[in-house]
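# Results of the structural survey
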Amino acid sequence: MALLHQATISPTKLEFVTDYLDNMPWGGTGDVDMIGGYRFDDPAGEVGVEGLLVSRDGRVLHVPCTYRGEKLSGADEYLITTMKHSALGDRWVYEAAADPVAVDCYLKALRGEISQAQLELEKTDGTVVPVEWPVRLTLHGDPADGTGLVFSDELAAPVSGRSWLVAEWDGGQGVVAALR
């Protein structure tokens, strides 16, 4: 279960995603609008695994990332940013493709072993309420063994594989990851 805290983060998700996209050859230019995200549960409860969807230049872009309470050894080149989280403290944000916890979550999801995490919000008064994800994932294809994980950067681009995860949100859908 994904527990989101009613907290202040700096930089915000929109800010760090915009900076990240500005440095990617496929990231486009111009304003970035947040569509939403989805998460997977880390079995150890230590790493936040999240896929963020944004629109830019008339395209829907996918930024899968992880949030960690400490640096990921050997992954400096995949560090997106560090952030301050008012409830959790310092967080290191990495590209999901370089984080073994995220890769394991996506592979399990593409094999039909796990699904998108349920979402709950912990309010500042300590109460916890269920929340609907703005982005919903469904598994398509033949969930089979395999290790060829492919992430989609742009959701309009064709992605093929044995199984694939389709993200759906108000106004659209697209493949976010596939297993070859």
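Here the structure is a predicted model, which is why all the values come from computation and not from measurement.

## Some remarks on the environment of D142
Examined against the element boundaries, D142 turns out to sit in the loop between β10 (136–141) and β11 (149–151). The exposure class assigned to D142 is exposed, which follows from its relative accessible area of 52%. In the structure, D142 is positioned 30 residues away from G112 in sequence and 9.0 Å away in space, judged by C-alpha atoms. Residues within four places of D142 in sequence aside, it is in contact with R162 and S163.

## Some points on the environment of E132
Assignment of secondary structure puts E132 in the loop between β9 (128–131) and β10. Between the C-alpha atom of E132 and that of L119, which follows or precedes it by 13 residues, the distance is 6.6 Å.

## Some details on the side chain of E50
Mapping E50 onto the fold places it in strand β4 (residues 48–56). With a relative accessible area of 3%, E50 lands in the buried category. Here Y67 takes part through its side chain, which lies 2.5 Å from a polar atom of the side chain of E50. Not counting residues within four places of it along the chain, the set of residues in contact with E50 comprises K13, Y38, R39, V63, P64, C65, Y67, Y106 and W133.

## Topic: helix α2 (residues 100–110)
In an α-helix, one turn spans 3.6 residues; hence positions three or four apart end up facing the same way. Taken as a whole, α2 has its buried residues at V101, A102, C105, Y106, L107, A109 and L110. Where α2 begins, the capping side chain belongs to D99, and its oxygen is found 3.0 Å from the backbone nitrogen of V101. The positive-phi residue at the C-terminal boundary of α2 is G112, with phi of around 80 degrees.

## Points about the sheet that holds strand β7 (residues 89–95)
The strand order across the open sheet formed by 6 strands is β2-β6-β7-β5-β4-β3, and the pairing between neighbours is antiparallel. Taken across any chain shown, the strands that pair with only one partner, and hence form the sheet edges, are β2 (9–10) and β3 (33–40). The pairing of β4 with strand β5 (residues 59–68) spans 9 bridges and is antiparallel. Of the residues in β5, the one forming a bridge with E50 is C65. Taken strand by strand, helix α1 (residues 13–22) contacts β2, β3, β4, β5, β6 (79–85) and β7, and its axis lies near 70 degrees from that of β4. The strands touched by α2 within the sheet are β3, β4 and β5, with β4 carrying the most contacts at an inclination of about 80 degrees.

## Concerning the nonpolar core
F40, V49, Y106, L165 and V176 are the most contacted members of the largest nonpolar core, which has 23 residues in total. Among the elements that take part in this core, α2 stands out by supplying 7 residues, more than any other. Ignoring sequence-local partners within four residues, the contact set of V49 consists of Y38, R39, F40, C65, T66, V101, A102, C105 and Y106. Counting residues in hydrophobic clusters, the runner-up holds 15 residues, among them V32, V63, Y67 and M83.

## A closer look at the state of the cysteines
With the rule as written, the count across this model stands at 0 disulfides. Left unpaired, C105 is separated from the closest cysteine sulfur, that of C65, by 13 Å. Judged by relative accessible area, C105 falls into the buried class, the value being 2%.

## Describing the pattern of salt bridges
The full count for this structure, using the stated rule, is 9 salt bridges. Here E154 ties to R59 by a salt bridge, and the two come within 3.1 Å at their closest N and O atoms. Residue E154 is found in the loop between β11 and β12 (163–169), and its partner R59 is found in strand β5; the two are separated by 95 residues along the sequence. A salt bridge links K108 to D104, with the shortest nitrogen-to-oxygen separation between them at 3.2 Å. Of this pair, K108 and D104 both sit in helix α2, 4 residues apart, roughly one helical turn. On the basis of relative accessibility, which here comes to 32%, the residue D104 falls in the partly exposed class. Connected through shared salt-bridge partners, K13, R39 and E50 make up one network.

Criteria and thresholds
Residues numbered from 1 in each chain as written. Predicted model: local features only at pLDDT ≥ 70, side-chain atom pairs only at ≥ 80, totals over all residues. Heavy atoms only, no water. Helix = DSSP H or I, 4+ residues; strand = E, 2+ residues; numbered from the N terminus. Buried < 20%, exposed > 50% of the residue type's maximum accessible area, 1.4 Å probe, protein only. Contact = heavy atoms within 4.5 Å. Polar contact = N/O pair within 3.5 Å; in protein donor to acceptor, adjacent residues only side chain to side chain. Pairing = 2+ DSSP bridges. Axes fitted to C-alpha atoms, helices over the stretch in contact; angles between N-to-C directions. Core = buried A, V, L, I, M, F, W, Y, C linked by side-chain atoms within 4.5 Å. Disulfide = S-S within 2.5 Å. Salt bridge = Lys/Arg side-chain N within 4 Å of Asp/Glu carboxyl O.

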